[in-house]
Amino acid sequence: MAVRLNDDASLLQIVAVGNPVLRRPAEPVDPAVIVTSDFQRLIDQMRATMVAAPGVGLAAPQVGLGIRLAVIEDAPERWVDLDPRTLAERERSELAFTVLVNPVVERVAEAGVVTFYEGCLSVPGYAGAVERARTVRLSALGADGEPFSAIYTGWPARIVQHEVDHLNGDIYVDRVAIRSLSTVENLANRRGRPIAELAEELGFTLSRDQAGPG
Ligand code: ZN
């Protein structure tokens, strides 16, 4: 597979917005190739690249490959700078390393929608608030080539939706509440503040289902 490597040979180069590969719907993966050593090596490289970035998800188009493959992982070590209230507000919970091949996501409408900030390794320096389904049902093939399905709620559901969007040629900025757009630095300066306060300050709207003071 023709992927470009960073200086560290185990890491892949992440492409930024403006690269057409991020805008093309990715091609399905032939399930038979999943167990091949080339594909397994690609999975390992994507995981290492995601962790090093650091990020909680990485889709193949982000490393220049137009195939329906993504990796996700959100470990508590990543949350050391976040206060318990922020974690609870976002329903951030541990997401074990998972490989998604040819994933299909369905929104669970009854669970409602929520708006929070997210960023993207392919849009460095910025973050914005995006309305997402609070709960999704995912079906995919795993690293072993076997089908699995799972239900994700809260932050893991956001991660899954963000990555599957990448496979459809969509980037979070397509869905962002544009007035929420913020540099990562400005967002970090507001760390610990309820999303409702940020929405009021910047003049963007939260999801209808996001009742309460934030
Ligand atoms: Zn992204």
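It should be noted that the structure appears before, not after, this text.
(A) Highlighting the coordination of the zinc ion. With distances of 2.0 to 2.2 Å, the protein atoms coordinating the zinc ion are Cys120 (SG), His162 (NE2) and His166 (NE2). Each donor residue of the zinc ion lies on the same chain, and together they follow the pattern C-x41-H-x3-H. In this pair, His162 and His166 are both assigned in helix 3 (residues 155-167), four residues apart and thus about one turn of the helix distant. Exposure remark for His162: the relative accessible area of 8% places this residue in the buried category.

(B) Highlighting the sheet that holds strand 3 (residues 95-107). Spatial strand order, 1-2-3-6-7: five strands in an open sheet with antiparallel pairing. The open sheet has two free edges, formed respectively by strand 1 (57-59) and strand 7 (147-153), since each of these has just one partner strand. The average angle at which neighbouring strand axes cross in this sheet is 40°, direction not considered. Sheet topology note: the strand 2 (residues 69-74)/strand 3 ladder contains five bridges and is antiparallel. By the bridge assignment for strand 3, Ala70 is matched with Leu100. Each of strand 1, strand 2 and strand 3 is contacted by helix 1 (residues 37-52), which is oriented at about 45° to strand 2, the strand it contacts most.

(C) View of the packing of aromatic side chains. Under the counting rule described, the total for this entry stands at two aromatic pairs. Relative to Trp155, the ring of Phe116 has its centre 6.3 Å away and its plane inclined at 55°; by these criteria the two rings are tilted. With a gap of 39 residues between them, Phe116 in strand 4 (residues 113-119) and Trp155 in helix 3 connect regions that are remote in the sequence. Between Tyr117 and Phe204, the aromatic rings sit 6.0 Å apart at their centres with planes inclined by 80°, giving edge-to-face as the arrangement. In this pair, Tyr117 sits in strand 4 while Phe204 sits in the segment after helix 5 (195-202), placing the two residues 87 residues apart along the sequence. Under the relative-accessibility criterion, Tyr117 is labelled buried at 6%. We note Arg47 situated over the ring of Phe97; from NZ or CZ to the ring centre the distance is 3.9 Å.

Procedures and definitions
- Residues numbered from 1 in each chain as written.
- Predicted model: local features only at pLDDT ≥ 70, side-chain atom pairs only at ≥ 80, totals over all residues.
- Heavy atoms only, no water.
- Donors = N, O, S within 2.8 Å, 3.2 Å for Na, K, Ca; no water.
- Helix = DSSP H or I, 4+ residues; strand = E, 2+ residues; numbered from the N terminus.
- Buried < 20%, exposed > 50% of the residue type's maximum accessible area, 1.4 Å probe, protein only.
- Pairing = 2+ DSSP bridges.
- Axes fitted to C-alpha atoms, helices over the stretch in contact; angles between N-to-C directions.
- Contact = heavy atoms within 4.5 Å.
- Phe/Tyr/Trp six-rings, centres within 6.5 Å; stacked < 30°, edge-to-face > 60°.
- Lys NZ or Arg CZ within 6 Å of the ring centre and 35° of its normal.

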